[in-house]
Every structure is written in C-alpha cells, then in structure tokens.
Amino acid sequence: ALWKLVGIALSLHAAAAGPAKPLELNLQEAVVGGQWDDSEQYIKSVTAASKEEATRAAIKVELDAAGRALTAKIKAVEAAIRMGASGSVRVISPTFMWAQNSSHIFVEVKYAHKMSAPAKRAEISECTLEPGSLLLFATAPEQNFRLDLKLWREIDADASTWSTGSVGTVTFKLIKKAKGHWDEILAPGSVRPKNMKFWYDMQESLG
C-alpha cells in the first residue's frame, strides 16, 4: 500500500494550476500509523492543486522516510520472533576485524566470541546493509550470533556486498558514500565491543 502511494505521488498530473499548497498533514506519521485513505486523499488533493515538482518531491521524501520507519518496525518484530523461537539458545555478538582504504571499509566476521576461538557453523537468517548500519543475524544449534553496527559515516548500501568465506566467517565490502579516512568504524557514542579487532593483515595489503 505504501508504494501505491508513492506511485500516486509521482505519476499523478495536476488537475489545476496554482501555487503549491503547504503540507498540513504529517504524512509520515499518517502512513506509519496506517491511515492509508487519509494519506491517499491528501496526496491527490495536494498534487491536483499544484504543478510544482517541488511539491511532489516533498511528498516523496516523506514517503521514503515513512518506508524506512515501517521497515524498522517490521525488523523489530522479526527480531522478537527470532528471539522467542530461539528459546534458551543464547545470542552473542561475534568477533570481527576491520580495515579501510579511501573508498571502502572491509569487515570480516567470525562466528566465535573471540578471534582465537574456533568458529561455529551458523546459518545466516538476516543480513541487512543500510546507509548508516550493518545488521547480521545467524543461527547455530547451541547459540545464535547477532552483530549490529552503527557506522561512523554513511555507506552506499545498494552497492556494498558481503560473502561467506571459510567455515564460520562472513566478509563485508562496504563502499563509502564519500571517499576519505574514517577515524573509526563505529558511530560516535557507540559502545566498542571487546571482541572487535583491527584487521592488520588486510590493512597492510591495502597500503
């Protein structure tokens, strides 16, 4: 239903000329709150009253923000379901290493509590890259692994990639949205995991 609204906002032609009507409805709250009919009627009335592309652009920005908010809610529900299904299986944060060059951040995750421990066999149930975050959830018979990183700067989430490596490892190749040096991989204010390491071998190979 959300993307139906996006389609209306982008494709509907103005029925009458006139100045852009100021937004009077909090469209994001209305969409996230499930007020579909009100949101649709509002979009139709605003776009019909104005030929200004800026009006349609403003609506699309609000709808995109609503989409991200809805996605976050869905992920929270899915995480709660996973936690409930896991029963007494504990969830730990896996150890990982990172390195960088001017255009990329490289991350290797190991399904273990520390680098020197043997890796567990685990199956990835969720791997999500967002401009400002990385989320990995993997399940194993005795324990589950969850890595949730808030990043120092934004990445190109669509162009960034990940792949499974040797048993018990996952490697991420994150493309920086803006080239340059990152002081850290974690966003300011984030708690630094004790099992986070710098990937010296990779850094040396990058120069």
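See the structure printed just above.
Summarised in this report is the structure supplied together with it. These numbers were taken from a predicted model, which means no experiment stands behind them.

Quick notes on the overall build of the protein
Then comes step 1: Within the protein, the regular secondary structure consists of five helices and nine strands.
Then comes step 2: Traced from its N-terminal end to its C-terminal end, the protein shows the element sequence α-α-α-α-β-β-β-β-β-β-β-β-β-α.
Then comes step 3: Counting over 207 residues, the protein shows a buried share of 39%.
Then comes step 4: Looking at the protein alone, contacts between residues at least 24 apart form 62% of all its contacts between residues at least 6 apart.

Details of the packing of aromatic side chains
Then comes step 1: The full count for this structure, using the stated rule, is three aromatic pairs.
Then comes step 2: Relative to Phe-198, the ring of Trp-98 has its centre 5.4 Å away and its plane inclined at 90°; by these criteria the two rings are edge-to-face. Of this pair, Trp-98 sits in strand 2 (residues 95–100) while Phe-198 sits in strand 9 (residues 196–198), placing them 100 residues apart in sequence.
Then comes step 3: Relative to Phe-145, the ring of Tyr-111 has its centre 5.3 Å away and its plane inclined at 35°; by these criteria the two rings are tilted. Of the two residues, Tyr-111 is situated in the loop between strand 3 (104–110) and strand 4 (123–130) and Phe-145 in strand 6 (residues 143–150); the sequence distance between them amounts to 34 residues. For the residue pair Tyr-111 and Phe-145, the accessibility class agrees, reading buried in each case.
Then comes step 4: A connected cluster of aromatic rings, assembled from ring pairs, spans Trp-98, Phe-198 and Tyr-200.

Describing the pattern of salt bridges
Pairing is possible between side chains that carry opposite charge, provided their charged atoms lie close to one another.
Then comes step 1: Tallied over the entire structure, the rule returns seven salt bridges.
Then comes step 2: For the salt bridge of Lys-60 with Asp-64, the shortest nitrogen-to-oxygen distance reads 2.9 Å. Residue Lys-60 and its partner Asp-64 are both found in helix 4 (residues 53–86); the two are separated by four residues, about one turn of the helix.
Then comes step 3: Overall, Lys-60 belongs to the partly exposed group, its relative accessible area being 32%.
Then comes step 4: Note that Arg-146 and Asp-148 form a salt bridge whose closest N and O atoms lie 3.6 Å from each other.

A closer look at the sheet that holds strand 7 (residues 161–164)
In any sheet, the strands associate via hydrogen bonds between backbone groups, in a parallel or an antiparallel arrangement.
Then comes step 1: Strand order in this open sheet of five strands is 7-8-3-2-9, and the pairing throughout is mixed. The open sheet terminates on both sides in strands that have one partner only, identified here as strand 7 and strand 9. On average, adjacent strands in this sheet sit at an angle of 20° to one another, irrespective of strand direction.
Then comes step 2: Inspection of the sheet shows strand 2 paired to strand 9 by three bridges, in the parallel sense. For Met-97, the partnering residue across the bridge sits in strand 9 and is Lys-197.

Section: the nonpolar core
Then comes step 1: With 27 residues, the main nonpolar core has Val-107, Phe-172, Leu-174 and Ile-185 as its most contacted residues.
Then comes step 2: Excluding anything up to four places from it in sequence, Leu-174 contacts Ser-103, His-104, Ile-105, Val-107, Leu-129, Leu-134, Leu-151, Ile-155 and Ser-160.

Considerations on helix 3 (residues 36–48)
Then comes step 1: For helix 3, which comprises 13 residues, the first-to-last C-alpha distance of 18 Å matches the rise-based estimate of 18 Å (1.5 Å per residue) to within 8%.
Then comes step 2: For helix 3, the complete set of buried residues consists of Ser-39, Glu-40, Tyr-42, Ile-43, Val-46 and Thr-47. The buried residues of helix 3 occupy an angular sector of 160° when the element is viewed end-on, so they sit on one face.

As for the environment of Ser-125
Then comes step 1: Position of Ser-125 among the secondary structure elements: in strand 4.
Then comes step 2: For Ser-125, a relative accessible area of 42% translates into the label partly exposed.
Then comes step 3: It is 5.4 Å that separates the C-alpha atoms of Ser-125 and Ala-138, two residues lying 13 residues apart in sequence.

Scoring rules and cut-offs
Along each chain, residue indices are assigned from 1 in the same order as the chain's sequence is written. In keeping with the model being predicted, local features are shown solely for residues with a pLDDT of at least 70 and side-chain atom pairs are shown and tallied solely at 80 or more, while totals for entire chains, interfaces and linings include all residues. Water and hydrogen atoms play no part in the side-chain values, which are based on all heavy atoms of the structure. Every helix listed is a DSSP run of H or I at least four residues long, and every strand listed is a run of E at least two residues long, numbered separately from the N terminus. Buried residues are those whose accessible area, probed at 1.4 Å on protein chains only, stays under 20% of the maximum for their type, while exposed residues exceed 50% and partly exposed ones sit between those limits. Throughout, a residue-residue contact means that at least one pair of heavy atoms, one from each residue, lies within 4.5 Å. We call Phe, Tyr and Trp rings a pair once their centres come within 6.5 Å, taking the six-membered ring for Trp, and we label the pair stacked below 30 degrees between planes, edge-to-face above 60, and tilted otherwise. Salt bridge, as used here: a side-chain nitrogen of Lys or Arg that lies within 4 Å of a carboxyl oxygen of Asp or Glu. Think of it this way: DSSP has to see at least two bridges between two strands before they count as a pair. Inter-axis angles, ranging from 0 to 180 degrees, are taken between N-to-C directions of lines fitted to C-alpha atoms, where helices are fitted over the stretch in contact. We call a set of buried residues a nonpolar core when its members are Ala, Val, Leu, Ile, Met, Phe, Trp, Tyr or Cys and they connect through side-chain atoms within 4.5 Å of each other. What a helix should span is 1.5 Å times the count of its residues minus one. Along the arc lie the directions from the helix axis toward the C-beta atoms.

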